[in-house]
Each structure stands twice: as structure tokens, then as C-alpha cells.
Amino acid sequence: MPKRNTITTLFIVLNFLVFAQDKLDPVIEGRITELMSTMTVQEKVGQTCQITLDALFVRDEEEKVLDPERIDPAKLKEAMSTYGIGSILNVSWHTFDLEMWEKVMSEVHAPFNNGETKAPIIYGIDAIHGVNYTVGGTLFPQEIGLAATWNPALAMRFGEVTAYETRASGICWNFSPVLDLGRQPLWSRNFETLGEDPFLVSEMGKAIICGYQGKDGIGSEHVIACMKHFVGYSNPLTGRDRTPAWIPDKYMKELYLPSFKAAVEEGALTVMINSGAVNGIPGHINYDLITKTLKEDWGFQGFAVSDWEDFIFLNNVHQTAEDNYQGIISAFNAGVDMSMVPYNPQYKEYCELMIKAVDNKVISEERLNDAVRRILRVKMIGGLFDKGMNQAKKYPDFGSEKFKSIALESALESITLLKNEKDILPLSSSSKVLIAGPTSDNLIFLNGAWTHTWQGANTDFNTEGAKTVREAFTEKLGSENCLFAKGAELYLDEGFEATKLVDQEDFKVKADKSDVIVLCLGEYPSTEKPGDIRSLNLDPAQLELAEAAYSTGKPVVLVMVEGRPRVIREIVEGAGAIVQAYLPGDYGADALVELIFGEENFSGKLPYTYPKYDGIFEFYDHPKSVARSKGNDFEAYDPQWDFGFGLSYSEVEYSNLRLSTKNMTTADSLVIEVDVTNKSERDTKEIVQLYVSDLFASMIPNGKSLKGFDKVEIKAGNTETTRFVITADDLKFVDASGNWISEAGTFEISIGNLLSKFELK
Ligand code: BGC
């Protein structure tokens, strides 16, 4: 049997720092000093102010933005020349084409290009799963799907394509990636995260940042990354967006901070602050986290931007500031460098209050200078002072087939097979298939929010030529062999998603005529507050539709199209196969066809623990006490599917787990190798996962923790060897005093079904 050694590439590919945070470029710093010496306080304050594009548009008598949108020259002049605004963000309410972007960009950059302002504006956009605010851009799976690929090299290519297409739109700052840990499945933004594990999030996050910012600095095809949302935003206790989180210091350090620290080390240039509160402190006034941890301890030299209206929310939401003046002072002094105000006339009030605060010395000039220096530094590194950026014509690969194939590959590697009873998959291409379910025939369900519009639910903007599940299956099988009956409709009922059954008779008749039913269930597109829900359970009407499908006696392939893992316990048993599609993007349906008919092998694995019960959230790394049974067959740790779980069409066997030493000292590296054999007749990609358990410690240890992974391509019948290296640093935990320590003792390694132990001396 052929055998080949694959060294884990993961750590090598990403092991460079794009911008050494401790080494500032003296030339850039000198230019900043010179420029700042000519700037007034008002000009400096302007640099710290970010407004939305809508604040500049012409409006009618009722203050509605005119359609088509156009910039009001007087508003632009006032914002740029009078207030010296430093940044603009977003589209209006919908996506623009390249031509419109070029027009907008040439207008907003004109004041600097014409010498009317001393510094250019920096334009920011949420291009979070591809350039989702530019017509014709390449739309990838949302981050949760990208995480399910467990493939940092692919994540880097996602970053590269997105950066290229964002630059083609004339924009050089991307509010991405989200590095928040996905540990609250109720949260409406779960799909924007890279899953529940700090190591997986860190590795995938670094790869995306490297793709965005480039390996050797920001060139004309790169964008400035923005780490979001520092920190703890993703774990609201109530599950509802922007509500408080409780995160003890130990878990903040072990779980929530590592992905941001890794991103800073990778050279990420900007950060956006958590709009919620942690332990009673709004993210925007958390001096310890923003100034001490991020800037001082980690040496972050870029700038921190607030989230939407968050200086104002300190007064009218969090109630830690009696008025906007106090809000501005507390956030700016905590270390937030730029305020996303974002409206007109609020931005004027912001600038005026900032100037007053500096005059009154409640914000020091030193602090203002620090913020402005950080902002100008990022603008210089990003090439914004070099006039004349952005020409769509210079970006011939925008929306190209080449880019689409990378998006398709990402969808193929992310979609996860959760059940395949009696090998009902792959389907034969001669089968007669009924495509059904509320998410089966509209692109909005495959893409989710942040697609052409904020909530992504407006069908008018769907990408031309991209296919729904129904269309992709019809293309494969021909309309005579691909029947369609939706069976249920997903819609918004007073702001909450709801499902109603439709045309049940038609559904039954067509089911009877088919060999198999592909039933697409899932969620209505949404994010942030509009995405708040009351329960993680899938809507009863969708369960009912699944039961109706099962009652036909035909095999059912359940396809979940969802951003959150909705509880589906009651319909798991009846399904022949279950496929988790996440939000796979514009090429998700093509990928589903290739996987379901076996033209491609499944290789995605869950980046989170899939809950079985509403209200009980469990994570794979839980301490033993979580899994302590009460007896009578009551399994305490009982998720629907485990983190890291996913099937394929290949049987893979792990063997020969070997450790370079069984007695490790804190100075040693431990080399771990394992052989992985593909026992099937199909090529496969196996995600080899390395877990370590500390068996006894002075604080309750995790049951196990992910310490390495490698996605290995294994040809049919072949064996590959995977190698991991860990050091004593990987065995550390945060003790009761808040320090990272390692303790001597016995540790267990697990890879696949294999276990081995070693001692740390
Ligand atoms: C979101 C951010 C986003 C910003 C700008 C906020 O409401 O929380 O993630 O980057 O809006 O669109």
C-alpha cells in the first residue's frame, strides 16, 4: 500500500507576520508626525469620526433618500471640508454595481485628491462572505460554513478573492472577519462566526486575514482587515443580540481572547468593538480590554473603531453615560479611536463635543494624537495617501469563473453529512427526485443576511445565474425527473420568522411519483436585532412537513439551510440522510448536487456542537462534571452531533498513533504522528483532529481541547501520515489568579479512536 508523509502545512503557511506590531516603519511615522504638526484640533477630531454614506445622499422633503441615490455636493463639502470627516461606511440600503461604486468613490475621494483635505477618507464595508455589496461579486459560504471546511488554505483564498473584489469596488477596508466565538447558538449572528473552538477560530481567522491583507503587505489587490467584535459580544446570556454577557476572567482569557490575539500577531490592522456589555461593562468603555490588553499588552498599533452608534448607546441603551458628552469621553478614553456615529446631524454633534472635551482637557491632546496617529498609520499602510486608487477596469477577474470555482470549492468542502442510513446517498442520477421545503427555491436562503441588503431577504437583488436548490437539481436531472412542491413557506410574521404549510395535496401527489425526497428546511435570512428568536426549536410547521414526507414511505434526504443549529431531534430518526448546508452562498446548490450525487465526496465537519434540546447548550470541551450522568439512561452530555463530526462516502481508519516521548519536560516539543488509511475506493479529504486532555489539575480541566488539525487528501486505498508538534505552552490553562500556567501530570492524546498518554514533568 503506498504511503506518503504529509507534514502539517497549517502552521507553516500562516507562520509569518504581515506587520510586526512592535516594529513601526520610521518613514511612515515621520510622515505622520509632519502631517499632524499641520493639523488643527478640529481636523484631528474629524479623523476620528465615521459617517454612513446615507448621511451624504440627497433626500426628499420627507427626508427619504432619493432613488437612484446620489451624493449631495453641499453635504459632502460640509462633511469633508468643514468637519474633516475621516471615514465613511456602508452602502445605502442595497447593493451597488461597479459603475455606481466607481462614481461614489471618485466623489468621496475628490476632496483629498483636489487638495481640499489633508488626509484621505478610509471607506469601510461589510464584505463578509465575498463582496456582498457589489452586484456580480463572488459570494462564498458564510463564515460558519468556511469554518466547517477546516481548511485554512481555502479560507486564505476566500480572503484573497474577497479582497480583490472589494478593491475592484474601490474600497480598501473590510469589516471582517468576525473572530467572536460561536458559543451561543440562539444568537442571530452565529453564522458570522467561525464556530465554538478558540483554536479553530484562530487558525481560520488568521488565514482569512492573511488573504485580506496579503503576505507581503497591502497591495492594490488587498484590503485592511477588521477584527470583530472585541470582545465577548457573541455570548449574550439571553441569546439576544447586543445584550449583556457574563464571562469570568478565566474563560475570557482561555476562550474569547485567543482568536483576537492570534489576529493581532498576524498583523490585523483594525478592530471593531463589542456593542454589548461583558460583566456589566459596555465593550466601548472597557479600558482594561481595549487599552491595556489589546494595545499595551499585545502591542496592537492599528486603530479601534466603534460599532454602529455605540458612543450614543452608552447614554440611551447602556445607561453608563448621562449624556452624549459623557459617552464620548468614556469611550474615547477607554481607547476607542474612531466613532461610527454614523448619521447626520449626529456627526456634527460628535465633532463639537469632542472638541469641547479636548478644550476642557477631559480628553487629553495626547490621547487624541494617539488615536489620530493610529488612524493615519493605517491609511498610509493601506496606500490611501497614494491618490487615484480604484478602477474597476484594473480588476478583470472580478466575478470571474476562476473566482466562482473557489467559492464552489469552499461550499463543497463545508457542507457536512450528518447521517447516511443504509447508504441512501449518493443518489443515482437516474433517480426521480422531489425537491421540497421552504428553503429549496430561493437564493436568499442559501446566502443569508449581509447579501445585497443588510438582512439579505430582498429577492430583487439575487445574483443572476446563481441557482437555487431546485434549479441545480433540475439542471442535473431534467425537469421530467425533478419534481417540485415547496410544501411550506418561510416568512416574517411581525418581525419573527414563521412557517406555514402550503399545497399539501400537491406535495403528496408528487412525492408518490418520486423515488426520493430532498427536503430543504431551515431559517429565514436575518442578523443582529432583527434576527432575535424566542426558541432554538425548528418551527413546528417544518417538523410537520418532514413528518408528511416520512409518511409517504419514500426515502428522505433532509438538507438543513441554516445559520444557527436549530433543534431537529424529532425528525432525525425518520430521515434517511441529513446534510448540513449552513449558508453556502451562491454556489451552494451546485455543491449540494455534486455531493448528493456522489460526484464529489463530503469532507466538511461541524465547527460547533449541534444541540439536541432547546435550552441545553453543550460544548465539546466541557469538563467531566457536565457529562456526569444521573443514571437511568440519562446521558448528561447528549448533543445531537459532536463538534468535529461529519461523515463521508469513504471509510477511514486511524492507526499507529506514536509520540516522540512519553516523558515531556517544559522545554521539549512533543511530536505526535498518526497513520490515516482510506479504506474505500474513493478519494477523500479527512480532517485529522488532535485533542489533548489534562487528566488532573488544580482547576477543573476541560474534558479535551483541540490542539491541532490537518485536512489531508487521501487517495482511495492509500495511507497518509499526519504529524503534529505541541509544546508545554499548548498545555497551559488560566489559574485562579488569572495567570497562564502548566502543571506537571498525565495528559491524554486522542486522534480519531486512538488514545495515548504522556507525562509532563
Ligand atoms: C454591526 C457590525 C457592522 C457594522 C457596520 C453593525 O451594526 O454590528 O458588525 O460591521 O454594523 O455595518
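Given the structure is predicted, the values throughout are model-derived calculations rather than measurements.

**Q** Describe in detail the packing of helix α16 (residues 401-414) against helix α22 (residues 588-596), supporting the description with residues and values.
**A** Between two packed helices, the angle of one axis relative to the other and the distance separating the axes together describe the packing. Two elements in contact, α16 and α22, have axes separated by 8 Å at closest approach and are oriented at 50°. The pairing of α16 with α22 is recorded here as oblique in orientation. The handedness of the crossing between α16 and α22 is right-handed. Between α16, through Leu-408, Ala-411 and Leu-412, and α22, the contact on the second element is made entirely by Gly-588, Asp-590, Ala-591, Glu-594 and Leu-595. Considering only residue class, the contact of α16 with α22 consists of 5 nonpolar, 1 polar and 2 charged.

**Q** Go over the site of the ligand, please, and point to the residues and values.
**A** Taken together, Leu-89, Asn-90, Asp-126, Phe-175, Arg-189, Lys-228, His-229, Arg-242, Met-272, Asp-307, Trp-308 and Glu-528 make up all the residues around the ligand. The side chain of Asn-90 places a nitrogen or oxygen atom 3.4 Å from an oxygen atom of the ligand. Arg-242 places a polar side-chain atom, nitrogen or oxygen, 2.9 Å from an oxygen atom of the ligand. For the shell around the ligand, the per-class residue count stands at 4 nonpolar, 2 polar and 6 charged.

**Q** Could you give an account of the sheet that holds strand β14 (residues 482-485), with specific residues and numbers?
**A** Pairing in this open sheet of 6 strands is mixed, and the strands run β12-β19-β18-β17-β13-β14 from one edge to the other. For this open sheet the edge positions go to β12 (416-420) and β14, each flanked by a neighbour on one side alone. Neighbour to neighbour, the strand axes of the sheet diverge by 20° on average, direction disregarded. Note: strand β17 (residues 516-522) against strand β18 (residues 556-561), 6 bridges, orientation parallel.

**Q** Please set out the layout of surface pockets residue by residue, giving values where relevant.
**A** Counted as a void, the second largest pocket has a volume near 600 Å³. Taken together, 31 residues form the lining of the second largest pocket, with Asn-90, Trp-308, Trp-450, Trp-454 and Glu-528 sitting closest to its centre. The class makeup of the residues in the lining of the second largest pocket is 14 nonpolar, 8 polar and 9 charged. Formed jointly, the lining of the second largest pocket draws a minimum of three residues from each of two domains, domain 1 (6-394) and domain 2 (415-596).

**Q** Explain the environment of Ala-331 residue by residue, including any values.
**A** Within the element layout of this structure, Ala-331 appears in helix α13 (residues 324-334). Taking the C-alpha atoms as reference, Ala-331 lies 36 Å from Asn-702; in sequence the two are 371 residues apart. Aside from chain neighbours lying at most four places away, what touches Ala-331 is His-284, Ile-285, Phe-311, Leu-314 and Val-336.

**Q** Can you explain helix α14 (residues 346-359)? Please cite residues and give values.
**A** In this model, α14 (14 residues) spans 20 Å end to end at C-alpha, consistent with the 20 Å of a helix rising 1.5 Å per residue. Every buried residue belonging to α14 is among Tyr-347, Lys-348, Tyr-350, Cys-351, Leu-353, Met-354, Ala-357 and Val-358, and all of these are buried. Note on α14: the residue one or two positions beyond its end, Lys-361, has a positive phi of about 60°.

**Q** Tell me about the packing of helix α8 (residues 198-213) against helix α10 (residues 258-266), and name the residues and values.
**A** In contact at an axis separation of 8 Å, α8 and α10 are set at 30° when each is read in the N-to-C sense. With respect to α10, the element α8 is oriented roughly parallel. Regarding α8 and α10, the two cross each other, and that crossing is right-handed. For the pair formed by α8 and α10, the contact residues are Pro-198, Val-201, Ser-202, Lys-206, Ile-209 and Cys-210 on the first element and Pro-258, Ser-259, Ala-262, Ala-263 and Glu-266 on the second.

**Q** Requested: an account of unusual backbone geometry, with residues and values cited.
**A** Most peptide bonds take the trans configuration, and most residues that are not glycine carry a negative phi. Looking along the chain, the bond that leaves Asn-344 and enters Pro-345 is cis, with omega of 10°. Its place among the elements puts Pro-345 in the loop between β11 (339-340) and α14. With omega at 0°, the peptide bond leading from Leu-425 into Pro-426 counts as cis. Mapped onto the secondary structure, Pro-426 falls in the loop between β12 and β13 (433-436). Within the chain, Trp-150 stands out as a residue other than glycine whose phi angle is a positive 50°. Within the secondary structure layout, Trp-150 lies in the loop between α6 (143-148) and α7 (152-168).

Reading the values: the criteria
Residues numbered from 1 in each chain as written. Predicted model: local features only at pLDDT ≥ 70, side-chain atom pairs only at ≥ 80, totals over all residues. Heavy atoms only, no water. Axes fitted to C-alpha atoms, helices over the stretch in contact; angles between N-to-C directions. Helix = DSSP H or I, 4+ residues; strand = E, 2+ residues; numbered from the N terminus. Parallel < 35°, antiparallel > 145°, perpendicular 65-115°, else oblique. Left-handed = near helix turned anticlockwise from the far one by under 90°. Contact = heavy atoms within 4.5 Å. Nonpolar A, V, L, I, M, F, W, Y, C, P; charged D, E, K, R; others polar. Near = heavy atom within 4 Å. Polar contact = N/O pair within 3.5 Å; in protein donor to acceptor, adjacent residues only side chain to side chain. Pairing = 2+ DSSP bridges. 1 Å grid on protein atoms, 1.4 Å probe; cavity = no way out; pocket = protein on both sides within 12 Å on 5 of 7 lines; lining within 4 Å. Points joined across faces, edges and corners; volume = space filled by probe spheres on them. Domains from an automatic or database assignment. Expected span 1.5 Å × (residues − 1). Buried < 20%, exposed > 50% of the residue type's maximum accessible area, 1.4 Å probe, protein only.

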